[in-house]
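Observations on the model geometry
Letter by letter, the chains look like this.
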Amino acid sequence: MSKVVTMDQAVAMIQPNDTVITSGFLTAGTPDAIMKAVADSFDATGTPNNLTIMYGAGQGNKKGGQQERWAKEGLIKRWIAGHYGFSPKVIDMIINNKVEAYNLPQGVIIEMYRAMGQGRKGYITNVGLETFVDPRLEGGKLNSRTTEDIIKVIEVEGEEQLYYMLPKANIALIRVTTADTNGNCTIEDEILPLDILSAAMAAKGCGGKVIVQAKHVVQADTIPSRQVAVPGIFVDAIVVPDNPEETHRQCADFFVNPTLSGAYKVPTDAVAPEPFGTKKFIGRRCAMELVPNAVVNLGVGIPEKVATVAGEEGFADQLTLTTESGMIGGVPSGGGSFGAGVNGWGELPEVSQFDFYDGGGLDVTYLGLAECDPNGNVNVSKFGTNVAGCGGFINISQNTQNCIFCGTFTAGGLKTKVEDGKLVIVQEGKKKKFVSSVEQVTFSGDYARRNKMHVMFVTERAVIELLEDGLTVTEIAPGIDLQTQVLDQMDFKPLVAENLKTMDLRIFVDAPMGIKDEIMAKAK
């Protein structure tokens, strides 16, 4: 019997008070047509309602799609998510206490799906200890309306761990490219496997149902088994979107781009140079920390400049870049294609990628720098009414031995230039990043010190390291005054290394640094 149903029939499968998992990474892999139909049904009939929604990566396009469709009072009771930054209407509901909301690490949520698929009661991990997720701090709760504790601190063989309690998923909404009438599914136009199978198995492990949004439906038994990404045994219903150009886009930038699904490779011989300026200075100093054959994760923004510099300096082929969405090797995409990439060596389901990250598989990670306090705590997840969320930040930063935070020293209007090889601060930023207390602890300095992690903060004017005695300024840029342009621009007084060094002069010269041989000399 065919599993293809109408959209109305699919929506009717979702009952009031259900817990619903949705697959996807921003726009990619999200069952947006079903999500739109659910919102339309609620507007017309009031049902379904009072739903608990769970998803790992951010889902949205900042234009009203994906999770923003569900930002309606009464439709949603609770959100449990890894990132909210692409859904401003959802953030507004959270800030105004109109819905219960939790922010958990993206990788934890994806691993929770696996545990749910196994029929377990909870998921145990170190990820989140001593951050805002820890119940001794905030327990991942995002507003006063959210009161239930869903995380516990437990002890396992003498070590603290967090125990994440698992909800019972009634429904999983997932997206694929093609499904046969028996429910066997392929993902040939999707950017990566993502969490599609994990979400389906989570619902089935809880005795729930799986509804698939497929762009194409084909006859049963016509899909080669090797191409099946989600077997039909996990699928209860299949729907086809009426307007796939809107609700089944490969990503925000493209309806379908075959290079982003790995069908073709693109030429990458020419690396577009990074303009000589503040971001390049930071990227250059960060790149000096690389070693040959390094397996790397790069955050969004300035961390991406590390790869650009490596390309300019001729050793990009010595890096293996990875993304939390599951890509191994190749070149990650940004903007509306974030999460995708081109020329990948291979791809993993999202849950397997986080297995690798949580196991300490990365050699180094470069992450953004938003706020840092005297203990080396970092906040990238919450700023006033902006509840962005942590995404995969906690998994990656907590389990990578070499963790480098990179960004400008101050924010909001900073302007620099170079004169005679010296850095000049033309206009200071309005906002200090090194503050007396971070608004939210997304990275714990105490946890890092206790686990003997190598932690650096690289800016255009100074390098600060988290050493055993505390945050210590170890390098300053040529031309920078330590007191007025570093220490006075911090809300606390850090330590200053006795052998304070000057940052490499080549960083501030508008010419190749010629560091390839130095990097290669670090070969293990």
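Per chain, residue numbering runs from 1 following the sequence as it is written. Note on the predicted model: pLDDT of at least 70 is required for a residue's local features to be given, and 80 or more for side-chain atom pairs to be given and counted; whole-chain, interface and lining totals, by contrast, use all residues. Each side-chain value is derived from all of the structure's non-hydrogen atoms; neither hydrogens nor water enter the calculation.

**Thoughts on the packing of helix α4 (residues 106–117) against helix α9 (residues 350–358)**
Cut-off, in case you're wondering: Lines fitted to C-alpha atoms define the axes here, with helix axes fitted over just the stretch in contact, and angles between the N-to-C directions of these axes take values from 0 to 180 degrees. Secondary structure counts use DSSP, requiring at least four H or I residues in a row for a helix and at least two E residues in a row for a strand, with both numbered from the N terminus. Oblique is the label for every angle not falling under 35 degrees (roughly parallel), over 145 degrees (roughly antiparallel), or within 65 to 115 degrees (roughly perpendicular). What makes a crossing left-handed is the near helix being turned counterclockwise from the far one by less than a right angle; a clockwise turn instead makes it right-handed. Note on contacts: a residue pair qualifies if any of its non-hydrogen atoms lie within 4.5 Å across the two residues.
In the contact formed by α4 and α9, the axes pass within 9 Å of each other and the chain directions differ by 120°. As judged from the angle between their axes, α4 and α9 are oblique. You can see that α4 and α9 cross each other, and the crossing is left-handed. Residues Q106, G107, I110, E111 and R114 of α4 form the contact with α9, whose participating residues are E350, V351, F354, D355 and D358.

**Observations regarding the side chain of R461**
What counts here: Polar contact is defined as a pair of N or O atoms within 3.5 Å, subject to the rule that within protein one atom must be able to donate a hydrogen and the other to accept it, and that residues adjacent in sequence are counted only when both atoms are side-chain atoms.
Counting through the fold element by element, R461 comes out in the loop between β28 (454–458) and β29 (462–467). For R461, the side chain forms a polar contact with the side chain of E428, separated by 2.9 Å.

**Side note on unusual backbone geometry**
Among all residues except glycine, the phi angle is most often negative; among peptide bonds, the trans geometry is most common. Our working rule: Three labels apply to residues, based on accessible area from a 1.4 Å probe with only protein chains included: buried if under 20% of the type maximum, exposed if over 50%, partly exposed otherwise in between.
Between T47 and the following residue, P48, the backbone shows a cis peptide bond with an omega angle of -5°. Tracing the backbone through its elements, the reader meets P48 in the loop between α2 (32–45) and β2 (51–55). Although it is not a glycine, Q66 sits at a positive phi angle of roughly 55°. Here Q66 shows up in the loop between β2 and β3 (76–81). On the basis of relative accessibility, which here comes to 2%, the residue Q66 falls in the buried class. One non-glycine residue, N97, lies in the positive phi region at around 60°. Since its relative accessible area comes to 29%, N97 is described here as partly exposed.

**Remarks on the environment of N49**
On the secondary structure map, N49 appears in the loop between α2 and β2. Spatially, the C-alpha atoms of N49 and G74 are 5.9 Å apart, while their sequence positions differ by 25 residues. A polar side-chain atom of N49 sits 2.8 Å from the main-chain carbonyl oxygen of G46.

**Some details on α9**
Rules: Starting at the helix axis, one direction is taken to each C-beta atom, and the arc is that of these directions.
Taken together, the buried positions of α9 are E350, V351, Q353, F354, Y357 and D358. In a view along the axis of α9, the buried residues occupy a sector of 155°, so they form one face of it. Following α9 by one or two positions, G360 adopts a phi angle in the positive range, close to 80°.

**Some points on a nonpolar patch on the surface**
How we decide: Patch construction takes residues with relative accessible area above 30% that form no salt bridge. Like charges are linked within 9 Å, and nonpolar side chains (Val, Leu, Ile, Met, Phe, Trp, Tyr) are linked within 5 Å. In these tables, accessible area is a Shrake-Rupley quantity obtained with a 1.4 Å probe, and a residue counts as shielded only by the protein chains included in the view. When a carboxyl oxygen of Asp or Glu is within 4 Å of a side-chain nitrogen of Lys or Arg, the pair counts as a salt bridge.
Together, V4, V217 and V240 make up an exposed nonpolar region whose accessible area comes to about 180 Å². Within the secondary structure layout, V4 lies in the segment before α1 (7–12). The exposure class of V4 is partly exposed, given its relative accessible area of 35%.

**A few points about helix α5 (residues 196–205)**
Within α5, the full set of buried residues consists of I196, S198, A199, A200, A202 and A203. One or two positions beyond α5, positive phi appears at G207, with a value near 80°.

**Quick look at the pairing of strand β25 (residues 415–419)**
Threshold: Pairing between strands is defined by DSSP: at least two bridges between the two strands are required.
Here β25 pairs with strand β26 (residues 422–427) via five bridges, running antiparallel. The residue bridging V418 from the neighbouring strand is L423, located in β26. Adjacent in sequence and paired antiparallel, β25 and β26 are bridged by two residues, among which D420 carries a positive phi angle near 55°.

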